[in-house]
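# Observations on the three-dimensional arrangement
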Amino acid sequence: PLPDGGFAYGRNLDFAGVGVWDRHPMLLLAEPEPGLKELRHLVIGADGLPFAGITGVNEAGLTFAVHQHFTSDVSLTGVPMLIIGELVLRKARSIDEAIEVLRNYRPASLWTFVLSDLQKGEIAAVESSSRVFLVRRAQGKAFAQTNHAMHADSREREIASYGTLTNSEFRYDYLLRSLAETPAKGAESLARLLAHQEDPLGRLSAFHDVLKSETIQTAIFEKHRDEPPTLSLSLDPAPSSAGRYARFSISKLFEGGPPSFEMRDYVGDRKSTRLNSSHT
């Protein structure tokens, strides 16, 4: 939540797509077929991936993002993760409706699906597999999700390495602690948190950074009171949250036509940070 009664939500996508995904960010407006009672939605991704199963938002103001787990909780059947995100954004106007879609369409392995309602200022995370369906909700307080299991029922099958777990737990604790000490005021506050590095010279740490060398995309949704929601989408090479952003009006994106945006540099052009990434 924001001090003015608004809401902001930011996410880093950390994955092995450096040099491709981060260089070709994409916004795609998906229109339903005529006669279908489905919602328009924005695919937030990279060229060549026309699915909103990674990150997306629909015209009702519902956002969707997926977080990966390292787990032995797998089965031979299930709905592909990319398709699940599409179903949520096409069908759901609220977090409750989104949770029911997730309950009906379960993935083959464990994933966490993060949902937020930009209009109501609500957020939830759903750990879902063929075996478990576990929901965390937050209304009116800070919320964080990283890449380790948050429930005892799912944690018992976690097989992530020590380093992966250590960093995930650090990021989770750091984000909540920082937001408790200094509540976010908007996109700039979240960008600085998502670009946090322990070393002021910008040397990337395996354990004690929020920013990773393979942070290939950052999306920040912001809704201030009595103002339309906006999307700030990263533009620069990985690690993306330390670079520049294009700030869009979400409602104008749904109007179609050539999109307009403002350039924002929330963190500062930290060349030393990006030069320590795996892409130069």
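Above this note sits the structure.
Reference entry: report on the structure contained in this document. Just so it is clear, the model here is predicted, and its values are computed rather than measured.

## Some thoughts on the environment of Ala124
Assignment of secondary structure puts Ala124 in strand S7 (residues 122-128). Since its relative accessible area comes to 0%, Ala124 is described here as buried.

## Regarding the sheet that holds strand S6 (residues 111-117)
Pairing in this open sheet of 7 strands is antiparallel, and the strands run S2-S3-S4-S5-S6-S7-S8 from one edge to the other. Looking at which strands have only one partner, the edges of the open sheet turn out to be strand S2 (25-30) and strand S8 (133-139). Taking the axes of each pair of neighbouring strands and ignoring which way they run, one obtains an average angle of 20 degrees across the sheet. As judged from the 6 bridges shared by S2 and strand S3 (residues 41-46), these two strands associate in the antiparallel manner. Considered in S3, the bridge of Leu27 is made with Ile44. Strand contacts of helix H1 (residues 81-91): S3, strand S4 (55-58), strand S5 (62-68) and S6, with the helix running at about 165 degrees to S5, the strand carrying the most contacts.

## Points about the pattern of salt bridges
All chains considered together, the criterion is met by 12 salt bridges. For Glu262, the salt bridge is made with Arg247, and the minimal N-O distance between the two is 3.6 Å. Highlighted residues: Glu262 in strand S12 (residues 262-264) and Arg247 in strand S11 (residues 245-249), separated in sequence by 15 residues. Taking the relative accessible area as the measure of exposure, Glu262 reaches 38% and is therefore partly exposed. By relative accessible area, which is 18% here, Arg247 ends up buried.

Cut-offs and rules
Residues numbered from 1 in each chain as written. Predicted model: local features only at pLDDT ≥ 70, side-chain atom pairs only at ≥ 80, totals over all residues. Heavy atoms only, no water. Helix = DSSP H or I, 4+ residues; strand = E, 2+ residues; numbered from the N terminus. Buried < 20%, exposed > 50% of the residue type's maximum accessible area, 1.4 Å probe, protein only. Pairing = 2+ DSSP bridges. Axes fitted to C-alpha atoms, helices over the stretch in contact; angles between N-to-C directions. Contact = heavy atoms within 4.5 Å. Salt bridge = Lys/Arg side-chain N within 4 Å of Asp/Glu carboxyl O.

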